[in-house]
Amino acid sequence: MAVARPITIVGGGLAGLVLGIGLRRCDAPVTIWEAGNYPRHRVCGEFISGRGQATLARLGMSELINQSGAATARTAAFFSATRSTAPRPLPSAAICLSRFTLDAALAKHFHELGGELLEGKRFTGDFGEGIVRATGRRMQTEQAGPRWFGLKIHARNVALTADLEMHVSPRGYVGLCKINGGEVNVCGLFRKRDGENGGANDRHELLRGHPGSPLRQRLAKAEFDENSFCAVAGLSLGPQPAASRAEICIGDAITMIPPITGNGMSMAFESAELAMVPLAAWSRGESSWNKARQQIARDCDAAFARRLAWAKWLQRIILAPALQSPLVGLVARSDWLWRMAFERTR
Ligand SMILES: Cc1cc2nc3c(=O)[nH]c(=O)nc-3n(C[C@H](O)[C@H](O)[C@H](O)COP(=O)(O)OP(=O)(O)OC[C@H]3O[C@@H](n4cnc5c(N)ncnc54)[C@H](O)[C@@H]3O)c2cc1C
């Protein structure tokens, strides 16, 4: 029997770990390079929604998620400075689990399946044959439109009116969702202002909302876990097709869907699943690297193009300050509008 060709995955985030788990299930030899260490906090809404939930189930990871104590989100409510909606049922339930727990559980599972995990190791080589890019979001270039940054912190003692609360403001939005361990994840995306220094106080204030806002009231008695605080800047939110990438890419390394959709983790899982069969075939010597790359890119573009296009417009509308309150008013009156926006972006 021919010896299986080894696959290297650069990036041990969600996409890289799920691909590694899937390839180990096909007996492919896999090494993952991860620059950080587990467990670690990540800037993320920690709200898993969309087709990627089925990917996790198909790969036998539902049990692992349940054992991690994930919360289930079934309702959502929306708030602007002047308007709010009552809790609405989510068209499909979401899984809410901290990245601190999720990434570490997936890393452990990959290791148990015989995968080699190089923690605390940054890959600096070339992405040649046999090497998959799962390195996450790409940095925004200087010229490309508004600059965005993300913040997140966990909190206790926060009573939510719905499993997910979305608070929009002229600077961006903050999402609150119940996660494992009885905590609430407080995560926001904000427009960077010229000359803003982004000191620790400013960042905490952004997450707490304007004085008098519904967000500020919700977090009035919150006890924040300062160790969970993290920030990320230079987010590139313009959609890119996978076919434009010269390497085999999965997850945010292809493109980042606007976080307001809560679908980025799902896309990481789905793209990893789409990459499994072509990469396992390459590992067995049944296909060329270039053929695998083309197939993965084609399948990812077919799966994601529509939702990326909807998400781009949705984000523009939701984050346009003048439209926020009318939009929340519309969602309060129209179940159809809310369901349509939810379904088209996943
Ligand atoms: C503000 C905000 C809120 C969000 N909210 C949600 C949400 O509620 N729901 C949702 O589904 N998605 C959300 N997302 C998106 C989600 O976090 C990402 O889509 C998801 O993390 C992508 O997974 P990934 O594996 O592609 O990348 P990552 O999770 O970023 O993993 C990439 C990994 O690669 C490693 N790496 C990078 N370069 C190297 C190198 N050279 N060598 C070794 N390792 C390397 C990094 O250390 C990292 O661990 C949000 C994003 C932001 C910014």
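Predicted, not measured: the structure shown is a model, and the values here were computed from it. (Residues numbered from 1 in each chain as written. Predicted model: local features only at pLDDT ≥ 70, side-chain atom pairs only at ≥ 80, totals over all residues. Heavy atoms only, no water.)

A. Focus on the pattern of salt bridges. Summed over all chains, the structure comprises 14 salt bridges. In this structure, the salt-bridge partner of Arg-40 is Asp-103, at a minimum N-O distance of 3.0 Å. Taken together, the residues span a long stretch of sequence, with Arg-40 in the loop between β2 (30-34) and β3 (47-48) and Asp-103 in helix α4 (residues 99-112) at a distance of 63 residues. No difference in accessibility class separates Arg-40 from Asp-103, as the two residues are buried. One salt bridge in this structure joins Glu-205 and Arg-216, with 3.0 Å as the shortest N-O distance. (Salt bridge = Lys/Arg side-chain N within 4 Å of Asp/Glu carboxyl O. Helix = DSSP H or I, 4+ residues; strand = E, 2+ residues; numbered from the N terminus. Buried < 20%, exposed > 50% of the residue type's maximum accessible area, 1.4 Å probe, protein only.)

B. Spatial organisation of the site of the ligand. In the vicinity of the ligand, 34 residues are found, and the nearest of them are Glu-34, Arg-42, Gly-45, Phe-47 and Met-265. Taking Glu-34, its side chain carries an N or O atom lying 2.7 Å from an oxygen atom of the ligand. The protein chains hide 92% of the 1,000 Å² of surface that the ligand would expose on its own. When contributions to the shell around the ligand are tallied by element, the ones reaching two or more residues are α1 (14-25), β2, β11 (184-191) and α7 (264-283). For the shell around the ligand, the element with the highest residue contribution is α7, accounting for three residues. (Near = heavy atom within 4 Å. Polar contact = N/O pair within 3.5 Å; in protein donor to acceptor, adjacent residues only side chain to side chain. Areas by Shrake-Rupley, 256 points an atom, 1.4 Å probe, with all protein chains shown as cover.)

C. Examining the pairing of β11 more closely. Burial of β11 is extensive: seven of the eight residues sit out of reach of the surface. In this sheet, β11 lies alongside strand β8 (residues 148-156) in antiparallel orientation, the contact comprising eight bridges. From the neighbouring strand, Leu-151 faces β11, where its bridge partner is Gly-188. Sheet analysis places strand β10 (residues 172-178) next to β11, joined by seven bridges and oriented antiparallel. Bridge pairing in β11 places Leu-176 opposite Val-186. Between the end of β10 and the start of β11, which pair antiparallel, lie five residues, with Gly-181 showing a positive phi angle near 75°. (Pairing = 2+ DSSP bridges.)

D. Fine view of the packing of aromatic side chains. Applying the stated rule across the entire model yields six aromatic pairs. Ring geometry for Phe-123 against Phe-127: centres 5.3 Å apart, planes inclined by 70°, an arrangement best described as edge-to-face. With a centroid separation of 4.8 Å and 75° between ring planes, the pair formed by Trp-282 and Trp-289 is classed as edge-to-face. We note that Trp-282, like Trp-289, is buried. By the ring-pair criterion, three or more aromatic residues cluster together here, those being Trp-33, Phe-123 and Phe-127. The residue whose ring lies beneath Arg-133 is Phe-127, and the NZ or CZ to ring-centre distance is 4.0 Å. We note Arg-346 situated over the ring of Phe-342; from NZ or CZ to the ring centre the distance is 3.8 Å. (Phe/Tyr/Trp six-rings, centres within 6.5 Å; stacked < 30°, edge-to-face > 60°. Lys NZ or Arg CZ within 6 Å of the ring centre and 35° of its normal.)

E. Spotlight on the nonpolar core. If you look at the biggest cluster of nonpolar residues, it comprises 55 residues, and the most contacted ones within it are Ile-9, Val-18, Leu-19, Leu-23, Leu-106, Val-132 and Leu-279. Elements with a contribution of two residues or more to this core: β1 (7-10), α1, β2, α3 (62-67), α4, β13 (248-249), α7 and α8 (289-318). Of the residues forming this core, the biggest block, 10 residues, is contributed by α7. Once you skip the residues sitting within four places of it in the chain, Leu-23 turns out to touch Ile-7, Ile-9, Ala-28, Val-30, Met-276, Leu-279 and Ala-280. Counting 27 residues, the second largest nonpolar core, distinct from the first, contains Ala-73, Cys-177, Leu-237 and Trp-338. (Core = buried A, V, L, I, M, F, W, Y, C linked by side-chain atoms within 4.5 Å. Contact = heavy atoms within 4.5 Å.)

F. Representation of the sheet that holds β2 within the structure. Taken in spatial order, the five strands line up as β6-β2-β1-β7-β13 in an open sheet, and their pairing is parallel. Bordering the open sheet on either side are β6 (116-119) and β13, each of which pairs with just one other strand.

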